[in-house]
Amino acid sequence: DQQVKQNSPSLSVQEGRISILNCDYTNSMFDYFLWYKKYPAEGPTFLISISSIKDKNEDGRFTVFLNKSAKHLSLHIVPSQPGDSAVYFCAANRGSTLGRLYFGRGTQLTVWP
Amino acid sequence: DTAVSQTPKYLVTQMGNDKSIKCEQNLGHDTMYWYKQDSKKFLKIMFSYNNKELIINETVPNRFSPKSPDKAHLNLHINSLELGDSAVYFCASSQGMSFQPQHFGDGTRLSIL
């Protein structure tokens, strides 16, 4: 049963524009959410996280928004750069599950010049 | 100065063999994990250890046996390899188990002939 879903397998954005990556989840008990970036032949790299007590968290060009009522989160990248081209994974965790992360299938972001 | 390192990066072997994958982290974290990324690209947790104690043991065949000699190491031994074991295996670590990002190694691509 897939509890974290990324319904867009790919996204193409022009350099300098905003990239918006979306993620939905089904388990209302999730209370911590993360975004990872992955390049080919490398492991996922942690980007940014948000706990369920917040609805927004920013780190430089990256902002994550959480809408608990819709069970939806999104990652905004502004401005997008060609080096941002990678697969982005959304992940969620319930504090009581001792570190068990549930991952989405990922979205391939391509930023073109 | 790699934070989470796995060896080997690639492993090609025949059905029925026994193999091990090693993982080491130099982040000073107390929790380590093994994840499997299957052909559909889903990352799923297999095991986690906190201070050398097994915490998570997902529904994984008992041919898979993790071993944590100390907090900085978590190895994965696989007996009697099967075709379905072909996947990329990722090691990760975190400080604590809740509300903490996990940091991943670059993965071990296991191919069973």
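Residues numbered from 1 in each chain as written. Chains lettered and ligands numbered in written order. Predicted model: local features only at pLDDT ≥ 70, side-chain atom pairs only at ≥ 80, totals over all residues. Heavy atoms only, no water.

Draft legend 1. Summary view of the environment of Ala86(A). Residue and element names in this part refer to chain A. For Ala86, the location among the structural elements is in strand E9 (residues 86-93). Judged by its relative accessible area of 3%, Ala86 is buried. Sequence separation between Ala86 and Leu73 is 13 residues; the distance between their C-alpha atoms is 19 Å. Apart from the residues within four sequence positions on either side, Ala86 is in contact with Lys37, Lys38, Tyr39, Thr107, Gln108 and Leu109. (Helix = DSSP H or I, 4+ residues; strand = E, 2+ residues; numbered from the N terminus. Buried < 20%, exposed > 50% of the residue type's maximum accessible area, 1.4 Å probe, protein only. Contact = heavy atoms within 4.5 Å.)

Draft legend 2. Quick peek at the confidence of the model for chain B. Considering every residue of chain B, the mean pLDDT works out to 92; 98% of them sit at 70 or more. Averaged pLDDT values over the elements of chain B bottom out at 87 in strand E6 (residues 53-57) of chain B and peak at 97 in strand E3 (residues 19-25) of chain B. (pLDDT = per-residue confidence, 0-100.)

Draft legend 3. Expanded view of the sheet that holds strand E1 (residues 4-5) of chain A. All names here are of chain A. Spatial strand order, E1-E3-E8-E7-E6: five strands in an open sheet with antiparallel pairing. Each edge of the open sheet carries a strand with a single partner, namely E1 and strand E6 (56-59). Judged from the six bridges that link them, strand E3 (residues 19-25) and strand E8 (residues 72-77) form a sheet pairing that is antiparallel. Residue pairing in the sheet places Ser19 in a bridge with Ile77 of E8. (Pairing = 2+ DSSP bridges.)

Draft legend 4. Focus on the nonpolar core. Ranked by internal contacts, the top residues of the largest apolar core, which has 23 residues, are Phe33(A), Trp35(A), Leu73(A), Leu75(A) and Tyr88(A). Of all the elements in the fold, those that place two or more residues in this core are E3, strand E4 (32-38), strand E5 (45-51), strand E7 (62-67), E8, E9 and strand E11 (107-112) of chain A. Sort the elements by how many residues they give to this core and E9(A) lands first, with four residues. One finds Leu11(B), Leu74(B), Leu76(B) and Ala87(B) within the second-largest nonpolar core, a separate group that totals 20 residues. (Core = buried A, V, L, I, M, F, W, Y, C linked by side-chain atoms within 4.5 Å.)

Draft legend 5. Region of interest: the interface of chain B and chain A. Chain B puts 24 residues into the contact, and the matching count from chain A is 23 residues. Across the chain B to chain A interface the summed buried area is about 1900 Å²; carbon plus sulfur atoms make up 62%. The largest contributions to the chain B side of the interface with chain A come from Phe42(B), Leu43(B) and Phe99(B), which together make up 30% of the buried area. Inspection of the chain B/chain A interface yields one salt bridge. With a shortest N-O distance of 2.6 Å, Arg100(A) and Glu58(B) are connected by a salt bridge. Where chain B packs against chain A, one counts four residue pairs in polar contact (both at pLDDT 80 or more). (Buried area = accessible area lost by both parts, 1.4 Å probe. Salt bridge = Lys/Arg side-chain N within 4 Å of Asp/Glu carboxyl O. Polar contact = N/O pair within 3.5 Å; in protein donor to acceptor, adjacent residues only side chain to side chain.)

Draft legend 6. Expanded view of the side chain of Ser68(B). All names here are of chain B. Within the secondary structure, Ser68 is located in strand E7 (residues 64-70). From its side chain, Ser68 meets the backbone oxygen of Asp70 in a polar contact 3.1 Å long. Within the local environment of Ser68, its side chain forms a polar contact with the backbone oxygen of His73, the two atoms lying 3.0 Å apart. Residues contacting Ser68, with those up to four places away along its chain left out, are Tyr49, Lys52, His73 and Leu74.

Draft legend 7. The pairing of strand E2 (residues 10-13) of chain B, seen in detail. All names here are of chain B. The side-chain alternation of E2 yields one buried face, formed by Leu11 and Thr13, and one unburied face, formed by Tyr10 and Val12. Relative to strand E11 (residues 108-112), E2 runs parallel, the two being bridged by four bridges. By the bridge assignment, Leu11 is partnered in E11 with Leu110.

Draft legend 8. Main features of the pattern of salt bridges. One pass over the structure, following the stated rule, counts five salt bridges over all chains. The shortest N-O distance in the salt bridge between Arg61(A) and Asp84(A) comes to 2.8 Å. A residue pair is termed long-range when its members are at least 10 positions apart, and Arg61(A) in the loop between E6 and E7 and Asp84(A) in the loop between E8 and E9 qualify at 23 residues. Judged by its relative accessible area of 2%, Asp84(A) is buried. Among the charged side chains, a network of salt bridges with common partners joins Arg63(B), Glu82(B) and Asp85(B).

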